[in-house]
Amino acid sequence: MKSLNRNTLAIYVATLFSYQMYIASSLLASVQAWFPTVDSNLIVLFFSAPLLANAFMALALSPAIGRINKKLLVVIGLATIIAGGTLVVLLGGNSFAISLIGVIMCGLGNAATIAATNTLLVEMNPATASTTVATNNAVGCLGSMILTAVAGVLASDGTWTRAYMLCFPCIITLALFLILYRGSKVTVAAVESAVDTQPTTPNKIRNVGLFSTVVFVFLLANFAAAAWNSNYSIYIMMEKGIGNTVQTGMMNTLSSLGGVLGGFLIAGIVIRKLKRWTVPVSVVLVATPCLAAAFGCTSIPVLYVCAFMFMMFYQPVYGEMSASAGKLFPGGGGISCITAMGGLGNFIGPYLVNFIGTFGDGTTRIKFWAGVVFVILAALIAIPTMKKVQNAD
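Source: prediction; values computed, not measured.

Draft legend 1. Quick peek at the overall build of the protein. The number of helices and strands found in the protein is 16 helices and zero strands. Taken against the 2.2 N^0.38 rule, which gives 21 Å for 393 residues, the C-alpha radius of gyration of the protein at 20 Å falls within 12% of a compact globule. Considered along the principal axes of its C-alpha atoms, the protein spans approximately 60 × 50 × 35 Å. Considering the protein as a whole, with its 393 residues, one finds that 53% of them fall into the buried category. A sequence separation of at least 24 residues applies to 84% of the contacts in the protein between residues at least 6 apart. Carbon and sulfur atoms make up 70% of the accessible area of the protein, which amounts to about 16000 Å² in all. Between the mean site of the 20 positive side-chain charges and the mean site of the 9 negative ones, the protein shows a separation of 12 Å.

Okay, here's the thing in structure tokens:
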């Protein structure tokens, strides 16, 4: 047990400051001012390109991660983040292209780190994987919240490259990971052996179908999240006129806080109490802020509560989906696919929702209704799917 606790702590430490790819969200205006001759459409790549790179890296790792040393993959992931940050800090101010390469490296490094840490958690104790993976995501939310807040301070004078000095704490977390992690008792050979001993070909085919459905449900949940994340500031500041950057900033902070508390405190309780109903119930609650905005809510306190609930109940969905994918696709490939769907949802979601918005009245209302529809569809698919996953060989 001591070994397991020590390993789990090492994994959480590795995850803590690995989300530097999100720093760019608060720096786009500063980057545009720094590179005035660069087209604004290219400036947006500064935020979107790392997300896309993150998703493709996770997908690329899926077929191979079962044969890769996960400890080494964590080291490579964190080292890539450090290298990317160093590139931006030292040379990024002179070249937009070099800056873009540096932030893409942050996205690639995060994908490798998260795929490896989540896979290690599933391999160490499959029975508690839903809770430990949700906690790992909460650790990432906490780290991301800290990184984003400090990045704004470091770049407050317009020198945005200083924000990427926040890649350097990964040197400390990498050292702590190497000191603390002692290896899991569950080996890759044992996991691969479990794949080989699945009873019949029909069951394997069935599991592939279930795995595909699990991945689709998680993608729908991320589309719903994108519907809220990409539109709430427009709704609050421009359409309803009920707040400014103070309120939208608080909304973002409360969402992150909900994610932290959801992973640390709520996910385990929800998963234990609801069991196979965890995903159908939790995924509907993810759309709480979309539903409030779709009905035209103008109460900031109500929207604050909804934003908090949104990320709080996202964590049980993430944990249960990751554990289910790990069960159906052992060896780490399933976990990598779930990681990739998170990235793809973040990248594709805003474009998809904006396309749906073209059929509306020019406001965000239809976009929020799209988020509600996404989660209702996800819940309806998840009800029979999670029962089958529970009974899968």
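Now that the structure is up, let's keep going.
Draft legend 2. Just the nonpolar core, in detail. In terms of nonpolar packing, the biggest core is built from 119 residues, with Trp160, Tyr164, Trp228 and Met321 touching the most fellow members. Apart from the residues within four sequence positions on either side, Trp228 is in contact with Met251, Ser255, Pro289, Cys290, Ala293, Leu303, Ala307, Phe310 and Phe368.

Draft legend 3. Structural view of a nonpolar patch on the surface. A contiguous nonpolar surface patch, about 430 Å² in accessible area, is contributed by Trp277, Val281, Ile376, Leu380 and Ile383. Turning to its location among the elements, Ile376 is positioned in helix H16 (residues 365-391).

Draft legend 4. Layout of the packing of aromatic side chains. With the rule as written, the count across this model stands at 19 aromatic pairs. Consider the rings of Phe347 and Tyr351, whose centres lie 5.7 Å apart with planes at 55°: the pair is tilted. One end of the pair is Phe347 and the other is Tyr351, both in helix H15 (residues 333-357) and four residues apart, which spans about a single turn. An aromatic cluster of at least three residues, connected via ring pairs, comprises Trp34, Phe35, Phe46, Phe96, Trp160 and Tyr164.

Draft legend 5. Structural context of H16. Spanning 27 residues, H16 covers 40 Å between terminal C-alpha atoms, matching the ideal 39 Å at 1.5 Å per step. The sharpest bend along H16 reaches about 35° and sits at Ala382, with the proline Pro384 one to four residues further on.

Draft legend 6. Quick peek at the pattern of salt bridges. Applying the stated criterion to the full structure yields two salt bridges. Here Glu123 makes a salt bridge to Lys70, at a shortest N to O gap of 3.4 Å. Note that Glu123 is positioned in helix H5 (residues 96-124) and Lys70 in helix H4 (residues 70-91), a separation of 53 residues in sequence. There is no split in this pair, since Glu123 and Lys70 are both buried. In this structure, Arg162 engages Asp157 in a salt bridge whose closest nitrogen and oxygen atoms are separated by 2.9 Å.

Draft legend 7. Molecular detail of the packing of helix H11 (residues 245-274) against helix H12 (residues 278-286). Put simply, H11 and H12 touch, their axes get as near as 9 Å, and they point 135° apart. Relative to H12, H11 is oriented oblique. Of the residues in H12, those in contact with Val270, Ile271 and Leu274 of H11 are Thr278, Val281 and Ser282. Considering only residue class, the contact of H11 with H12 consists of four nonpolar, two polar and no charged.

Draft legend 8. Spatial organisation of helix H3 (residues 40-61). The end-to-end C-alpha distance of H3 is 32 Å, a good match for the 32 Å that 22 residues give at a rise of 1.5 Å each. Its axis deflected by about 45° at Phe47, H3 carries its strongest bend there, up to four residues before the proline Pro50. When H3 is considered as a whole, its buried residues turn out to be Ile43, Phe46, Ser48, Ala49, Pro50, Leu51, Ala53, Asn54, Ala55, Ala58 and Leu61. At its buried positions, H3 is contacted by helix H2 (28-34), H4, H5 and H15.

Draft legend 9. Quick look at the confidence of the model for the protein. Summarising the model, the protein shows a mean pLDDT of 86, and 92% of its residues fall at 70 or more. In the model, residues 187-199 has pLDDT below 50 throughout and makes 15 contacts with residues more than four positions away in sequence or in other chains.

Draft legend 10. How the structure looks around the packing of helix H6 (residues 129-154) against H11. Put simply, H6 and H11 touch, their axes get as near as 8 Å, and they point 165° apart. Judged by the inter-axis angle, H6 sits roughly antiparallel to H11. Crossing angle aside, the handedness with which H6 passes H11 is left-handed. Only Thr253, Ser256, Leu257, Gly259, Val260, Gly263, Phe264, Ala267, Gly268 and Ile271 of H11 make contact with H6, whose side of the interface consists of Ser130, Thr131, Ala134, Thr135, Ala138, Val139, Cys141, Leu142 and Met145. Of the residues assigned to the contact of H6 with H11, the class counts are eleven nonpolar, eight polar and no charged.

Draft legend 11. Summary view of the side chain of Asn137. Tracing the chain through its elements places Asn137 in helix H6. Look at Asn137 and you get buried, because its relative accessible area is 10%.

Draft legend 12. Summary view of the environment of Leu28. Within the element layout of this structure, Leu28 appears in helix H2. You can call Leu28 partly exposed: its relative accessible area is 25%. Between the C-alpha atom of Leu28 and that of Ile43, which follows or precedes it by 15 residues, the distance is 6.9 Å.

Draft legend 13. Seen up close, the state of the cysteines. One pass over the structure, following the stated rule, counts zero disulfides. The cysteine Cys106 is free of any disulfide, with Cys167 supplying the nearest cysteine sulfur at 3.8 Å. Cys306 provides the cysteine sulfur closest to Cys297, a residue in no disulfide bond, and the two sulfurs are 6.5 Å apart. For Cys297, a relative accessible area of 17% puts it in the buried group.

The rules behind these values
- Residue numbering note: each chain is counted from 1, following its sequence as written.
- Only residues with pLDDT of at least 70 get local features here, since the model is predicted, and only at 80 or more are side-chain atom pairs given and counted; chain-wide, interface and lining totals rely on the full set of residues.
- Only hydrogens and water are set aside when side-chain values are computed; all heavy atoms of the structure are taken into account.
- Secondary structure elements are taken from DSSP: a helix is a run of H or I of four residues or more, a strand is a run of E of two residues or more, and numbering for both begins at the N terminus.
- Computation of the radius of gyration draws on C-alpha atoms alone. For the globule rule, the value is 2.2 Å times the number of residues to the power 0.38.
- Think of it in three bands: residues with accessible area under 20% of the maximum for their type are buried, residues over 50% are exposed, and the middle band is partly exposed, with areas taken using a 1.4 Å probe on protein chains only.
- Any two residues whose heavy atoms approach within 4.5 Å are treated as being in contact.
- Areas reported here follow the Shrake-Rupley algorithm with a probe of radius 1.4 Å; residue values treat only the protein chains shown as occluding.
- When charges are counted, neither His nor the chain ends are considered; positive counts come from Lys and Arg and negative counts from Asp and Glu.
- In this description, the location of a charge corresponds to atom NZ of lysine, CZ of arginine, CG of aspartate or CD of glutamate.
- Definition used in this section: a nonpolar core is a set of buried Ala, Val, Leu, Ile, Met, Phe, Trp, Tyr and Cys residues joined via side-chain atoms within 4.5 Å.
- Distance thresholds for patches are 9 Å for like charges and 5 Å for nonpolar side chains (Val, Leu, Ile, Met, Phe, Trp, Tyr), applied to residues having over 30% relative accessible area and no salt bridge.
- Throughout this description, the term salt bridge denotes a Lys or Arg side-chain nitrogen within 4 Å of a carboxyl oxygen of Asp or Glu.
- Here the aromatic set is Phe, Tyr and Trp, taking the six-membered ring for Trp, and pairing holds for ring centres within 6.5 Å; pairs whose planes are under 30 degrees apart are stacked, those over 60 apart are edge-to-face, and all others are tilted.
- Under the convention used throughout, the expected extent of a helix is 1.5 Å for every residue step, that is, one less than its residue count.
- To obtain the bend at a residue, axes are fitted to the seven residues ending there and to the seven starting there, and the angle between these axes is taken.
- Between N-to-C directions, angles cover 0 to 180 degrees, with each direction set by a line fitted to C-alpha atoms, over the stretch in contact for helices.
- Any angle that is under 35 degrees is reported as roughly parallel, and any over 145 degrees as roughly antiparallel; angles of 65 to 115 degrees are reported as roughly perpendicular and all others as oblique.
- For this classification, the nonpolar set comprises Ala, Val, Leu, Ile, Met, Phe, Trp, Tyr, Cys and Pro, the charged set comprises Asp, Glu, Lys and Arg, and every other residue, Gly included, is treated as polar.
- By definition, pLDDT measures how confident the predictor is in each residue, and it falls between 0 and 100.
- Left-handed describes a crossing whose near helix is turned anticlockwise from the far helix through less than a right angle; right-handed describes the clockwise counterpart.
- What counts as a disulfide here is a pair of cysteine sulfur atoms lying within 2.5 Å.

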